Amino acid sequence: MSVMTSDRDVAAVGRILVDGQQELPARFRALFTLRNLGGAEAVRWIGEAFSDESALLKHELAYCLGQMQDERAIPVLETVLRDTEQEPMVRHEAGEALGAIGNPKVLDLLKQYSEDPVVEVAETCQLAVRRLEWLMSGGDAEKSEAADSNPYCSVDPAPPAQRKSVPELRMQLLDESLPLFERYRAMFALRNLSSEEAVLALGDGLQCGSALFRHEIGYVLGQMQHEASIPHLRAALENETENAMVRHECAEALGSIGQDACLSVLQRYREDGERVVKESCEVALDMLEYENSAQFQYADGLLRVNAAQ
């Protein structure tokens, strides 16, 4: 992949991201290009886009800032978390991103919002507090081992549980008496195994727990891209009584899997009454097109185009 380092090149991509007249899939490609480029200017452009009207886009902005682990993103993420006018899924992702960056200076803020009246925000901040405390208590050594076992190279809200069988992990995943952090540890351990048995155990998780928990299940199934998850993801997307945050994540997961079996359901729900579900299906159809193309990665085409300008 080409690497752009000049502020001019970053700005060319950034202008696409903040342009509300652009199609949403093009703006998503711009966002993931900026994430891959990194640096202060990329962080600045991503931060500017939080004034947009699309909760889906703002949620992805926060996600990318967390994955970049650039401490220069902390001020904008703190502002988003504090802003009760922002949609819950956006504030939740800002809290998760603060945990992903891993600087303990945000611990007091995360503890404060661990009692937020919006349950998705409160649960996210509780998880982020646990992650920071885990890092501060010497989790770095285990973090290295966890990173080695994570084929997806993502920064996760909890480290994977170590040395357990799929049945043991499934039991831990579905046990609603356990702290959410421990259930997430089982979730990411199952994801890292990448087997069909693990996929089916995770699929069972879409039937229980909080909306935050179910949305994270959708996310990891999208990372795994295993066709055995399609019936579970499809059922969640088709369930119009399900939380929109869960349905949106399942739509994006179907797009990342990229199978023909995903196409019809995504086309059907691209006109859904919930804006975040509708937009997720639009983006997922773009992802599906990418998965069936020769592009090196999702944002690669956009990056090449702008590099030539």
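Residues numbered from 1 in each chain as written. Predicted model: local features only at pLDDT ≥ 70, side-chain atom pairs only at ≥ 80, totals over all residues. Heavy atoms only, no water.

1. So, the UniProt feature "binding site: Fe cation 1" (unreviewed entry) in the chain
As a reminder of what qualifies: UniProt positions are given in the numbering used here, feature names are shortened, and annotations may be inferred rather than shown by experiment. Working definition: helices are DSSP H or I runs of at least four residues, strands are E runs of at least two. Numbering for both runs from the N terminus. Contact definition: two residues touch when any of their heavy atoms are within 4.5 Å. Polar contact is defined as a pair of N or O atoms within 3.5 Å, subject to the rule that within protein one atom must be able to donate a hydrogen and the other to accept it, and that residues adjacent in sequence are counted only when both atoms are side-chain atoms.
UniProt's entry tags His59, Glu60, His92 and Glu93 with the feature "binding site: Fe cation 1" (unreviewed entry), counted in the numbering of this structure. The largest pairwise C-alpha distance within this set of annotated residues, which runs over 35 residues, is 11.1 Å, so the set is compact in three dimensions. Among the structural elements, His92 can be located in helix H6 (residues 88–101). Discounting chain neighbours no more than four positions away, the residues touching His92 are Glu120, Val121, Thr124, Leu212, His215 and Met245. As for its position among the elements, Glu93 is in helix H6. Excluding residues that lie within four positions of it along the chain, Glu93 makes contacts with His59, Ala62, Tyr63 and His215. A polar contact is formed between the side chain of Glu93 and the side chain of His59, at a distance of 3.0 Å.

2. Considering helix H9 (residues 166–174)
For clarity, the threshold we go by: With a 1.4 Å probe rolled over the protein chains alone, any residue whose accessible area is under 20% of its type maximum counts as buried; one over 50% counts as exposed, and the rest are partly exposed. Arc, as used here, means the arc of the directions from the helix axis to the C-beta atoms.
Among all positions in H9, only Val166, Leu169, Gln172 and Leu173 are buried. Along the axis of H9, the buried positions cluster into a sector of 125°, meaning they face one direction only. Every exposed residue of H9 that faces more than 90 degrees away from the buried side is listed here: Pro167 and Met171. Where H9 is buried, its residues touch helix H10 (180–193), helix H11 (196–205) and helix H12 (211–224).

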